Amino acid sequence: MRILVVSRHYPPPWHSGYDQLCADVVEALRSRGHHVEVATCPEPGAPVQDGVHRVLVPENTAPRGLLYRRRAANANARAFRRLVEAVSPQVIYAWNLLDLEPRILLDLQARLPLVFHLGGNWVTPHGGDPSGTLRALARPAARWLRAALARGDARRLDFSRASVSCEALRQELIALGLPLRDALLCREGLPDDLLAYREAPPARRHLAYAGQISTIKGVETAIRALARLRRGIGQRDAELHVYGRGAPPYLEHLRALAGREGVGAAVHFAGILPRESLPKALRSHALFVFPSEYPEPWSLTLLMALGAGCPVVATATGGNAEILQDGVNARLFRPGDAEDLAEKAAWVLEHPEEAEVMGRRAHLSAQPYSIKTMLGILLPLLEGAAGRSPP
């Protein structure tokens, strides 16, 4: 089967777990004998890769004006048509259209079948948030679907062959007018080695967070909870280790917040770890904190922590509510509630044996979500689409 994948980002470099998952899926398809090419955008420092064509231009990047976007959209349409002619795919697999207009696909769907995977943050509108914490998403990732729907572009695309990463996202997109009631549910997965159980070292007292560092991820709540743990709940030696990257001004804001809360020396920003090292690093802590404050579709970092057997204290927002069960494989707290987070984290620290049992259940709950299982859902969708394309 000849497949052309379209994705705004393709590693290296790394942008998010969703983009890395695209590469995982591409390699898994290739390992099964399929010919897979990728259409993506240029990245500073990206190496030359066989089958990866960095020929697209981001169209909706601020502060670009309307004239730039029109020129970029026209250039992308021409580049994509040339690539399709060169590759001769049987199916086009749309993975991430962030900053790319749906127009590049519209004029091709009459002669080539499209398959969509709707996951990550590129397609989510995040509308109607009452907390105000989503102001940081006033960018193309949040605007893409609303703008495309307003123009009618998204409704003209053929979504009859689509998969969604969680039920929460399906319902959100249906409410916006996309015909996804029959879309396949395909929860995203990880390679088997990243779901393996890790034995925990003794005498762990610290909390870990891993992921993108931005306002909607709840790191501020975690810092405030740490202050309450150390001052009011008696966990005076507890620390918070933060793995990931964020904008320098926001990191400075978090450091200042930690200082004001009296925990400046107990909050450590550890940067980005290689993905293969992250499960062991997370397991070396007493618990993994997942404080997300927006309806995140499906977190691969959370899945990795569950797979490693970490005791997890989390919010059940978006699709993550579909895997988390309070008192079974995690302790749940209310989004943005530092007191509630501190109480649940204290329970883990004060009940290490019960927390380890919960961690083993967490490991078992993550096992159905592997790349292998994901391909078992996606392959029939791709093969069915390719079978309807011209020989």
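Residues numbered from 1 in each chain as written. Predicted model: local features only at pLDDT ≥ 70, side-chain atom pairs only at ≥ 80, totals over all residues. Heavy atoms only, no water.

Draft legend 1. Main features of the environment of L381. Note on placement: L381 falls in helix α13 (residues 371–387). Between the alpha carbons of L381 and L184 there is a distance of 8.6 Å; along the sequence they are 197 residues apart. Beyond its immediate chain neighbours, meaning those up to four positions away, L381 contacts V115, R161, A162, S163 and L184. (Helix = DSSP H or I, 4+ residues; strand = E, 2+ residues; numbered from the N terminus. Contact = heavy atoms within 4.5 Å.)

Draft legend 2. Region of the structure containing the pattern of salt bridges. The full count for this structure, using the stated rule, is 21 salt bridges. Across the salt bridge formed by E261 and R231, the nearest N and O atoms sit 3.8 Å from each other. Placement of E261 in the loop between α8 (248–260) and β10 (267–271) and of R231 in helix α7 (residues 219–232) is noted, with a sequence separation of 30 residues between them. Relative accessible area serves as the criterion here: at 52%, R231 is assigned to the exposed category. A single network of salt bridges, built from pairs that share partners, joins E220, R224, R228, R231, E261 and E339. (Salt bridge = Lys/Arg side-chain N within 4 Å of Asp/Glu carboxyl O. Buried < 20%, exposed > 50% of the residue type's maximum accessible area, 1.4 Å probe, protein only.)

Draft legend 3. Looking closely at the pairing of strand β11 (residues 287–290). Side-chain alternation along β11 places L287 and V289 on one buried face and F288 and F290 on a second face that is also buried. For strand β8 (residues 207–210) and β11, the ladder comprises two bridges, and the chain directions are parallel. In the sheet register, A208 faces β11, and the bridge partner there is F288. In this view, the connection linking β11 to its parallel neighbour strand β12 (residues 312–314) by way of helix α10 (residues 300–308) has right-handed handedness. (Pairing = 2+ DSSP bridges. Right-handed = clockwise from strand over helix to strand, strands pointing away.)

Draft legend 4. Quick peek at the packing of aromatic side chains. Under the definition given, this model contains four aromatic pairs. Seen from their ring centres, Y93 and W95 are 5.9 Å apart, and the 85° between their planes marks the pair as edge-to-face. One exposure class covers both Y93 and W95, and it is buried. When the centroid spacing of 4.5 Å and the interplanar angle of 35° are considered together, the rings of F116 and F159 count as tilted. Within this pair, whereas F116 is found in strand β5 (residues 114–118), its partner F159 is found in the loop between α5 (153–156) and β6 (162–164), the two being separated by 43 residues in sequence. Relative accessible area serves as the criterion here: at 0%, F116 is assigned to the buried category. Three or more aromatic residues joined by ring pairs make a cluster, and in this case those are Y18, Y93 and W95. (Phe/Tyr/Trp six-rings, centres within 6.5 Å; stacked < 30°, edge-to-face > 60°.)

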